[in-house]
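The residues making up each chain are set out below.
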Amino acid sequence: MTDTGAPVRYELIRQCAVTGARAGILHTPHGPVETPVYMPVGTQGVVKAMTSREMAEIGAQIVLSNTYHLSLRPGAEVVEKAGGLHRFMAWDRPILTDSGGFQVFSLSGLRKITEEGVRFRSHLDGSALFMGPEESIRIQEQLGADIIMAFDECTAWPCDEKTARAAMERTHRWAKRCQKAHRREDQALFGIVQGAFSEQLRIESAQTLAAMDFPGYGIGGLSVGEPKDLMYRMLDALMPHMPKDKPRYLMGVGTPDCLLEGILRGVDMFDCVLATRIARNGTILTGQGRLVVRNARYREDFRPLEEGCDCEACRHYSRAYIRHLIKAGEITGARLCSIHNLRYLKRLMQGARQAILEDRFPAYREAFYQQFDMRGAFNRSEETQ
């Protein structure tokens, strides 16, 4: 790999001989990230119920935080005065911040989109707010993440092609404004491919953004409620047109099957709130499928959440105990379930990477489907950021 002096560089180590699956290293100012990688979501500057030390102990390499939420509370200026998000949350590994665009479009019932940006109301107190490309970049520079995202226009599912094209073209114009506004040389700004559910638009967006030479690319506007096979079809059409020497980040995707299907098609980075969201309700990810530990059948089940798992929850506590905590409303129950789910996804991604390095990823994927019970596996709404 040639050192270009760029703050974030992608090094391709190996690609699967018969699929698009890739293993690489993402070099950042706060250390390397082995890909493919699942990024736990720390919306408010914390992965819910977890400390930064615990995140390091489960092997998390990089976390994601949210520009919109942190700009409202505690405020980007506070984080900047604290020395940036790394110091503020006591996390010395890489951080990615999203642009805030998804939250502006999804959390605000009243919003007005113009060429300048989006006028909307705070979900906290209803106050009038504005965010555009320049504002998003300014906030993200104050937060100080290693990777920041361009401000884009999100579309819903379903979406007609006229609406999708207009949003895509505005996203491209906003991407240019983000590049112009971006000043910090120690941060990498990623562009975001849009195009809703049109293969033609997805390809056009990828080609347009590739010509702008971003150091990495997000894939936005998927996992918004559409059938999984439609998401896979969009990725199949899109991925051959994505730059091969840059990281590819599929935004808002985190169910085990979708992670492997994304890897199969050449995605390097993923994020999703699912692991911790379902944990708070006592739902566990295992190699055999989901396990709802709050159910009565586990009242006297003294086995670990998952046999063979090396997480703190599985090494020290039983299903019966954790069920008791969940039923009693004890926050430690949610914490232990979160620790397990995050560690499960870390091990799943580690296994996928090793399989790519050993040129056996198709067999790894097949073994997953043979063991994992997909019946009623996940509701798409559980994946929403």
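Fair warning: this is a prediction, and the values are worked out from it, not measured in the lab.

### Observations regarding the overall build of the protein chain
Reasoning step 1: Across its full length, the protein chain carries 15 helices and 16 strands.
Reasoning step 2: Taken over the C-alpha trace, the protein chain has a radius of gyration of 20 Å; the compact-globule value for 385 residues is 21 Å, and the two agree within 12%.
Reasoning step 3: Expressed along its principal axes, the backbone C-alpha trace of the protein chain runs to roughly 60 × 50 × 45 Å.
Reasoning step 4: When contacts within the protein chain are restricted to residue pairs at least 6 apart in sequence, long-range pairs at least 24 apart make up 67% of them.
Reasoning step 5: Total accessible area on the protein chain stands at roughly 15,900 Å², and carbon and sulfur atoms take up 48% of it.
Reasoning step 6: Within the protein chain, one finds 50 positive and 47 negative side-chain charges whose respective centroids are separated by 3 Å.

### Let's talk about the nonpolar core
Reasoning step 1: Counting residues in each nonpolar core, the largest one holds 100 residues, and the members touching the most others are Met-55, Ile-263 and Phe-361.
Reasoning step 2: Sorting elements by how many residues they give to this core places helix H14 (residues 331-357) first, with 11 residues.
Reasoning step 3: When sequence neighbours within four positions are dropped, the list of residues in contact with Ile-263 reads Gly-20, Ala-21, Arg-22, Pro-36, Phe-270, Met-349, Ala-352, Ile-356 and Phe-361.
Reasoning step 4: Counting 19 residues, the second-largest nonpolar core is a separate cluster that includes Val-8, Met-39, Leu-64 and Met-269.

### Quick word on the pairing of strand E8 (residues 118-121)
Reasoning step 1: Of the two faces of E8, the one lined by Val-118 and Phe-120 is fully buried and the one lined by Arg-119 and Arg-121 carries no buried residue.
Reasoning step 2: Two elements, strand E7 (residues 111-113) and E8, share 3 bridges in a ladder whose sense is antiparallel. Within E8, the position partnered with Arg-111 by the bridge is Phe-120.
Reasoning step 3: Connecting E7 to the next strand, E8, in antiparallel fashion are 4 residues.
Reasoning step 4: Summarising the sheet, E8 and strand E9 (residues 128-131) pair through 4 bridges and their orientation is antiparallel. Bridging from a neighbouring strand, Arg-121 pairs with Ala-128 of E9.
Reasoning step 5: Between E8 and the antiparallel strand that follows it, E9, lie 6 residues; Gly-126 among them carries a positive phi value of about 80°.

### Considerations on unusual backbone geometry
Reasoning step 1: That bond from Thr-35 to Pro-36 is cis: its omega, 5°, falls within 30 degrees of zero.
Reasoning step 2: Cis rather than trans, the peptide bond between Trp-157 and Pro-158 has omega equal to -5°.
Reasoning step 3: Of note, Asp-213 is a non-glycine position whose phi angle comes to about 60°, a positive value.
Reasoning step 4: Tracing the backbone shows Asp-213 in the loop between helix H8 (199-211) and strand E12 (217-219).

### Comments concerning the pattern of salt bridges
Reasoning step 1: Taken as a whole, this structure holds 24 salt bridges when the rule is applied.
Reasoning step 2: Glu-34 is the salt-bridge partner of Arg-353, the closest N and O atoms lying 3.5 Å from each other. With Arg-353 in helix H14 and Glu-34 in strand E3 (residues 31-35), this pair connects stretches of sequence that are 319 residues apart.
Reasoning step 3: With a closest N to O distance of 2.6 Å, Arg-53 and Glu-57 form a salt bridge. Taken together, the positions of Arg-53 and Glu-57, both in helix H1 (residues 52-57) and 4 residues apart, correspond to about one turn of that helix.

### Here's the deal with the sheet that holds E3
Reasoning step 1: On the basis of which strands lie adjacent, the open sheet formed by 3 strands has the order E1-E2-E3 and antiparallel pairing. Since the sheet does not close on itself, it has two edges, and those belong to strand E1 (9-15) and E3, each with one partner. On average, each strand axis in the sheet is inclined to that of its neighbour by 20°, with strand direction left out of account.
Reasoning step 2: In the packing of H14 onto the sheet, the strands contacted are E1, strand E2 (22-28) and E3, and the crossing angle to E2 comes to about 115°.

### A look at the packing of H14 against helix H15 (residues 361-371)
Reasoning step 1: Where H14 meets H15, the closest approach of the two axes is 7 Å, and the angle between their N-to-C directions is 145°. Across the interface between the two elements, Tyr-344, Arg-347, Leu-348, Gly-351, Ala-352, Ala-355 and Ile-356 from H14 touch Phe-361, Tyr-364 and Phe-368 from H15.

### Section: the sheet that holds strand E4 (residues 37-40)
Reasoning step 1: Strand order in this open sheet of 8 strands is E4-E14-E13-E12-E11-E10-E6-E5, and the pairing throughout is parallel. Each of the sheet's edge strands pairs with one partner strand only, and the pair in question is E4 and strand E5 (63-66). Between one strand axis and the next, the sheet turns by 30° as a mean value, whatever way the strands run.
Reasoning step 2: Looking at chain direction, E12 and strand E13 (residues 248-250) are connected through 3 bridges and run parallel. Within the sheet, the bridge partner assigned to Gly-218 lies in E13 and is Tyr-249.
Reasoning step 3: Each of strand E6 (95-98), strand E10 (147-149) and strand E11 (188-193) is contacted by helix H6 (residues 133-143), which is oriented at about 160° to E10, the strand it contacts most.

Here is what the cut-offs are and how they apply
Residues numbered from 1 in each chain as written. Predicted model: local features only at pLDDT ≥ 70, side-chain atom pairs only at ≥ 80, totals over all residues. Heavy atoms only, no water. Helix = DSSP H or I, 4+ residues; strand = E, 2+ residues; numbered from the N terminus. Rg over C-alpha atoms; globule rule 2.2 N^0.38 Å. Contact = heavy atoms within 4.5 Å. Areas by Shrake-Rupley, 256 points an atom, 1.4 Å probe, with all protein chains shown as cover. Lys, Arg positive; Asp, Glu negative; His and termini not counted. Charge placed at Lys NZ, Arg CZ, Asp CG, Glu CD. Core = buried A, V, L, I, M, F, W, Y, C linked by side-chain atoms within 4.5 Å. Buried < 20%, exposed > 50% of the residue type's maximum accessible area, 1.4 Å probe, protein only. Pairing = 2+ DSSP bridges. Salt bridge = Lys/Arg side-chain N within 4 Å of Asp/Glu carboxyl O. Axes fitted to C-alpha atoms, helices over the stretch in contact; angles between N-to-C directions.

Function cannot be inferred from these measures alone, as they are strictly geometric.
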